[in-house]
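One-letter residues, chain by chain:
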Amino acid sequence: MVWFRVVSGVGSVAKHAIRRSLCQGGSYATRTRVLPSQNRYFHTTVLKSKAQAAPVPRPVPLSRLTDSFLDGTSSVYLEELQRAWEADPNSVDESWDNFFRNFVGQAATSPGISGQTIQESMRLLLLVRAYQVNGHMKAKLDPLGLEEREIPDDLDLALYGFTEADLDREFFIGVWRMSGFLSENRPVQTLRAILTRLEQSYCGSIGYEYMHIADRDKCNWLRDKIETPTPRQYNQQRREVILDRLIWSTQFENFLATKWTAAKRFGLEGGETLIPGMKEMFDRAADLGVESIVIGMSHRGRLNVLGNVVRKPLRQIFSEFSGGTKPVDEVGLYTGTGDVKYHLGTSYDRPTRGGRRIHLSLVANPSHLEAVDPVVVGKTRAKQYYSNDVDRTKNMGVLIHGDGSFAGQGVVYETLHLSALPNYTTGGTIHIVVNNQVAFTTDPTAGRSSQYCTDVAKALNVPIFHVNGDDMEAVVHVCELAAEWRQTFHSDVVVDIVCYRRFGHNEIDEPSFTQPKMYKVIRNHPSALDIYQKKLLELGQTTQEDIDRIQNKVNAILNEEFLASKAYVPNRRDWLSAYWAGFKSPEQISRVRNTGVKPEILKSVGKAITGLPENFNAHRAVKKIFEQRSQMIETGEGIDWAVGEALAFATLLVEGNHVRLSGQDVERGTFSHRHSVVHDQETGEKYCPLDHVIMNQNEEMFTVSNSSLSEFGVLGFELGYSMENPNALILWEAQFGDFSNGAQVIFDQFLSSGESKWLRQTGLVVLLPHGYDGQGPEHSSARLERFLQMSDDNPYVIPEMDSTLRKQIQECNWQVVNVTTPANYFHVLRRQLHREFRKPLIVMSPKNLLRHKECKSNLSEFDDVQGHPGFDKQGTRFKRLIKDQNYHSDLEEGIRRLVLCSGKVYYELDEQRKKVKADDVAICRVEQLCPFPYDLAMRELKRYPNAEVVWCQEEPMNMGAYNYVLLRLLTAMKELGRGTIEDIKYVGRAPSAATATGFITVHVKEQAELVEKALQPEPINYPF
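Report follows, based on the coordinates. This is a predicted model, so every value here is computed, not measured.

Right, let's get into the overall build of the chain. The secondary structure content of the chain amounts to 31 helices and 26 strands. Taking all 1024 residues of the chain together, the buried fraction comes to 60%. Counting only contacts in the chain whose residues sit at least 6 apart along the sequence, the fraction spanning at least 24 positions is 80%. Counting only carbon and sulfur atoms, one obtains 50% of the accessible surface of the chain, whose full area is about 40,300 Å².

Here you go:
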């Protein structure tokens, strides 16, 4: 089975150049170089002598003479370098200068070197480099021995002019500023000793890829680890621990297979070494200072990881296999819809081999492979913030991938791409690929274009360790090495465990339909446990009695837990983090709170967010904006959208909350309205007013960050971040709402349903610029209808609406708002934290309202003073519906039409109403669409008993809020005896495939028509 792709032609020009220049006096009769799975020792090519003059070196551009020794490839080039050095040592790179000086000095005092030429020494160094670069191509990685890999020419002795007769010659290899065996100050070694070391280091059960990393210190660190003269040795006690862990991993799967023969469990058979490898990795990480690890993985092996690594109680896992029982009744116990057992997450503390304790949390995930990756990274970053882990050494993320998904899913690259960005880095994530050598039924040759499934990681200078999954100690070694790399260099690392699936995609699947040859081999292939037991028995490091004792112990515990599972009743399910203690479930009432702020606080923070430092050279247009903002705070009038938002952020900061806003271009704002980060026009220095709201403010307490050009990855990151701690306002803003569907998986699988499936709350705010202003079909609609369609409130049932008993928002899966005033935006943001539960908030944020002359609020609408405009019966809070602004009484029988709308179309309707003097038309704004404000809608229906009821929107009929509002408004009208569905009229664009027209003239005409129609004197009969 070819589990990798052979990429031909790579470096062929360089190879031919070396072949021509190095084989002086010889020609090739090349053997077929398919690597046999049994004997993989030195690889040579027969060399036939042929008298001929050495080729004449071709000129080398002087610009290349500054190349480093590590980059040399051609003998002709080397000879040119030597001549250049002899003429002027300063004309070559320092590394070459050291080489020639060492060679000349050593050669004069080493008579044992038998006729070695400087060219031979340089060729030998090229051979060493070839092993470092391509030795992995000769490594024994496939446990099934099915691969047929062609050995690269670079590993051919004859390519460098050597024969088997040279194996026992001693060669000078110099003393280098390099690590590995070249640093051992042993300048003279036999060719056989050199090759033996190279084969042991690079062509065993581990294939190392690291020479693509453009950092000498990192490469030297790895060479030190890889090229050590003594091979990996574990003492007897350590091997007993590894054996015990491998038995647990294997017996767990065997036990499940015996008890639930027909159940899908996506077992780890064929990759059991993952469990001991992860345990050893976590033990080593704990020794190096890691205190908490966040894990993300798909379904393969998840139950084994839950039971053996994270230590979820086995009786609970077994109970879930048996169908489980819902938790016992207790006050406020919300169980949700649940999810299949191999999607669930958990969180536990576990002891390590070194006597420490480490906190492990496995994040719940959907079947969408790799979708959990950015969520894990975001959660890890949040843990680092809340634990003040500024060095990013105490909290670490670990992601477990499949080979097909790691190569095939774009979110993998989106997540990798966040790894070094200042406001997204976590100090390195460890990636483990469980490489089954097949993706469901798809062979690698059909599943990827790259040589390895891990090649995407090379784009970010990530070291990659490929390891044979049947070599238990090799797996342990690379897992520990990955932990050491992460803690040393604070960057990502990949461990590729090449294994197999013993039973196909799941236990009831038949893999021989599509991989007959592979599964014929697998049926007769010993397990990793059998192989490791045999090895230890042969080494005399254990006895059969010891093995039997461990297996009996494990089986006894498994059976004991199985019996206990029959009577197992889940306790109340707790949040993943202690920060969530005391937060209410959907079944526990959380009273509505006011969100107004004391006027003196508003004035104080207002000055902080509208001022710039002295001698700061802001752009003159930005300076003018800040002067205008300062005037708004001073007068208390004309507060615009950006200032309303900044006041919300600032007042939450003053109350001790963390605020984080992220997304494409959010620092300035897509529409140049926010300017939360100001740039000095002369020095380039940055200043963020919201970083200076309180004394000695933590620099991360307020974070605003432009993100990479990613929706899926960045929204997933912010979702993970928001899940860690409820006392934070976390916001993601799309550049345009239209682009948010690049993150549709996060909306569908996590944000809309995560609480129901996994009992995990989040207060994430999503800002989606939305509105029809003639910018075409990709810059008009955030697809409001999709968010409303995914809401889970019942359109035919009016819930309890009394303000002291209302749980409507708690019982809904999320909130969708289309806000029209800066003050209401201020209150809806603050409402997110001023409650005892958390819900996602989807905001259809404005575009042209950002500077609209009518879209302004007074500072008095933000405060908590009784009698001010924002203060109603309960106090100052978010207005779910804004009544008509013409000071109507509680009963207006003379109003002929009630127009309900949402968003910026209100201002156009109001302008038209003034223009045509349609004072007998009332216009109400539904600010919170989901959950629907039945109480307020019914209040307005009662106020206007004789009015024709119209829903007006900018969007086409099959989009926008129409279909969502229609049924709920009908329910409210039926409750009041106000008619049927035919009594709800529609004004808006006709149904359409595209969200909007691309012709500005058509847009203007459509917009004018719908506004005029909503206010026409004649009755509206559409659509019935």
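For the rest of this paragraph, the subject is the nonpolar core. If you look at the biggest cluster of nonpolar residues, it comprises 142 residues, and the most contacted ones within it are Leu647, Phe747 and Ile842. For this core, the element with the highest residue contribution is helix α21 (residues 641-654), accounting for nine residues. Listed in part, the 94 residues of the second largest apolar core include Val128, Ile295, Val495 and Phe562.

A few words now on the packing of helix α7 (residues 236-259) against helix α18 (residues 544-565). The relative placement of two packed helices comes down to the angle between their axes together with the axis-to-axis distance. Remark: α7 packs on α18, axes separated minimally by 10 Å, with the N-to-C direction vectors making an angle of 45 degrees. Here α7 lies oblique to α18, going by the angle between them. Seen along the crossing, α7 lies across α18 with a hand that is right-handed. When α7 is examined against α18, the residues Leu243, Asp244, Ile247, Trp248, Gln251, Phe252, Phe255 and Lys259 are found in contact with a partner set consisting of Ile547, Ile550, Gln551, Lys553, Val554, Asn555, Ile557, Leu558, Asn559 and Phe562. Residues that form the contact of α7 with α18 fall into these classes: 11 nonpolar, four polar and three charged.

Here the focus is the environment of Ile1020. Inspection of the secondary structure puts Ile1020 in the segment after α31 (1000-1014). For Ile1020 and Val987, which are 33 residues apart along the polypeptide, the C-alpha to C-alpha distance reads 8.3 Å.

Let us now look at the pairing of strand β17 (residues 728-733). The element β17 is extensively covered by neighbouring structure, given that six of its six residues are classed as buried. A two-sided burial pattern is seen for β17, the buried positions comprising Ala728, Ile730 and Trp732 on one face and Leu729, Leu731 and Glu733 on the other.

Within strand β11 (residues 464-468), five of the five residues are buried, leaving the element largely enclosed by the surrounding structure. Covered by surrounding structure in β11 are Ile464, His466 and Asn468 together with Phe465 and Val467, the residues of both alternating faces. Bridge count for strand β5 (residues 206-209) against β11 is four bridges, and the pairing is antiparallel. Across the sheet, residue Gly207 finds its bridge partner in β11, namely His466. Note that β11 and strand β12 (residues 493-498) share five bridges and pair parallel. The residue bridging His466 from the neighbouring strand is Asp496, located in β12. With helix α15 (residues 472-489) bridging β11 and the parallel β12, this β-α-β connection has right-handed handedness.

Right, let's talk about the packing of aromatic side chains for a bit. By convention here, two paired aromatic rings are described through the distance between centres and the angle between planes. As enumerated under the stated definition, the model contains 26 aromatic pairs in all. Judged by centre distance (5.6 Å) and plane angle (50 degrees), the rings of Phe787 and Trp814 are tilted. Residue Phe787 is found in helix α25 (residues 784-789), and its partner Trp814 is found in the loop between α26 (808-811) and β19 (815-817); the two are separated by 27 residues along the sequence. The exposure classification of Phe787 matches that of Trp814, with both residues buried.

With respect to the element layout, His888 can be found in the loop between β21 (881-882) and β22 (897-901). Residue classification places His888 among the buried residues on the basis of a relative accessible area of 16%. Polar side-chain contacts of His888 include one of 2.7 Å to the side chain of Tyr944. If we ignore the near neighbours within four places in the chain, the residues touching His888 are Ile895, Ala922, Arg943 and Tyr944.

Turning to the side chain of Asp455, a few remarks are in order. Residue position: Asp455 is located in the loop between α14 (444-447) and β11. You can call Asp455 buried: its relative accessible area is 17%. Ignoring any residue separated from it by four or fewer positions in sequence, one finds Asp455 in contact with Glu209 and Ser450.

We now examine the pattern of salt bridges. Considering all chains together, one arrives at 49 salt bridges under this definition. Across the pair Arg660 and Glu718 runs a salt bridge whose closest N-O atoms are separated by 2.8 Å. Here Arg660 is found in strand β13 (residues 658-663), whereas its partner Glu718 is found in helix α22 (residues 712-724), with 58 residues between them in sequence. In this structure, Arg660 and Glu718 share a single accessibility class: buried.

Strand order in the open sheet formed by five strands is β21-β23-β22-β25-β26, and the pairing between neighbours is mixed. What marks the edges here is a single partner per strand, and that holds for β21 and β26 (984-989). The sheet contact formed by β22 and strand β25 (residues 948-956) spans four bridges and is parallel. Counterpart to Leu898 in the pairing with β25 is Val949.

This paragraph deals with helix α27 (residues 822-831). Summarising burial for α27: 10 of the 10 residues are buried, a large majority. Looking at α27, one finds that the buried residues are Pro822, Ala823, Asn824, Tyr825, Phe826, His827, Val828, Leu829, Arg830 and Arg831.

The next subject is the sheet that holds strand β9 (residues 395-402). On the basis of which strands lie adjacent, the open sheet formed by eight strands has the order β5-β11-β12-β10-β9-β6-β8-β7 and mixed pairing. Both outer strands of the open sheet, β5 and β7 (346-351), are each paired with one neighbouring strand and no more. Each adjacent strand pair in this sheet contributes to an overall mean axis angle of 20 degrees, direction not counted.

Our next topic: the environment of Trp248. Inspection of the secondary structure puts Trp248 in helix α7. Take Trp248: its relative accessible area is 12%, and that puts it in the buried class. Considered as a pair, Trp248 and Val554 are 306 residues apart in the sequence and their alpha carbons are 6.5 Å apart. The residues touching Trp248, leaving out its near neighbours within four places in the chain, are Asn308, Leu314, Lys553, Val554, Ile557 and Leu558.

The next subject is the packing of helix α8 (residues 274-287) against α15. The interhelical angle for the contact between α8 and α15, taken along N-to-C directions, is 35 degrees, at an axis separation of 8 Å. Seen from above, α8 lies across α15 with right-handed handedness. Facing α8, whose interface residues are Pro276, Gly277, Met278, Glu280, Met281, Arg284 and Ala285, α15 presents Met472, Val475, Val476, Cys479, Glu480, Ala482, Ala483 and Glu484. Classifying every residue of the contact of α8 with α15 by side-chain character gives 10 nonpolar, one polar and four charged.

The end-to-end C-alpha distance of α18 is 31 Å, a good match for the 32 Å that 22 residues give at a rise of 1.5 Å each. Those residues of α18 that sit buried are Ile547, Ile550, Gln551, Val554, Leu558, Glu561, Phe562 and Ser565. With its buried residues spanning 105 degrees around the axis, α18 presents them on a single face. Structural note: α18 exposes Glu545, Asn552, Glu560 and Leu563 on the side pointing more than 90 degrees away from its buried face.

Moving on, we get to the state of the cysteines. Applying the stated criterion to the full structure yields zero disulfides. The closest cysteine sulfur to the non-disulfide-bonded Cys952 is located on Cys901, 6.4 Å from its own sulfur.

A few words on unusual backbone geometry. Here the amide bond leading from Cys930 into Pro931 is cis, since omega sits at -10 degrees, within 30 degrees of zero. For Pro931, the location among the structural elements is in the loop between β24 (928-930) and α29 (934-943). Each neighbour pair has its own omega, and for Tyr1022 with Pro1023 the value is 5 degrees, a cis peptide bond. The topology assignment puts Pro1023 in the segment after α31. With phi around 75 degrees, Glu370 is a residue other than glycine that occupies positive phi space. Along the chain, Glu370 falls in the loop between β8 (357-362) and α11 (373-386). You will see that Ser672, though not glycine, has its phi angle at about 55 degrees, which is positive.

Criteria and cut-off values
Residues numbered from 1 in each chain as written. Predicted model: local features only at pLDDT ≥ 70, side-chain atom pairs only at ≥ 80, totals over all residues. Heavy atoms only, no water. Helix = DSSP H or I, 4+ residues; strand = E, 2+ residues; numbered from the N terminus. Buried < 20%, exposed > 50% of the residue type's maximum accessible area, 1.4 Å probe, protein only. Contact = heavy atoms within 4.5 Å. Areas by Shrake-Rupley, 256 points an atom, 1.4 Å probe, with all protein chains shown as cover. Core = buried A, V, L, I, M, F, W, Y, C linked by side-chain atoms within 4.5 Å. Axes fitted to C-alpha atoms, helices over the stretch in contact; angles between N-to-C directions. Parallel < 35°, antiparallel > 145°, perpendicular 65-115°, else oblique. Left-handed = near helix turned anticlockwise from the far one by under 90°. Nonpolar A, V, L, I, M, F, W, Y, C, P; charged D, E, K, R; others polar. Pairing = 2+ DSSP bridges. Right-handed = clockwise from strand over helix to strand, strands pointing away. Phe/Tyr/Trp six-rings, centres within 6.5 Å; stacked < 30°, edge-to-face > 60°. Polar contact = N/O pair within 3.5 Å; in protein donor to acceptor, adjacent residues only side chain to side chain. Salt bridge = Lys/Arg side-chain N within 4 Å of Asp/Glu carboxyl O. Expected span 1.5 Å × (residues − 1). Arc of directions from axis to C-beta. Disulfide = S-S within 2.5 Å.

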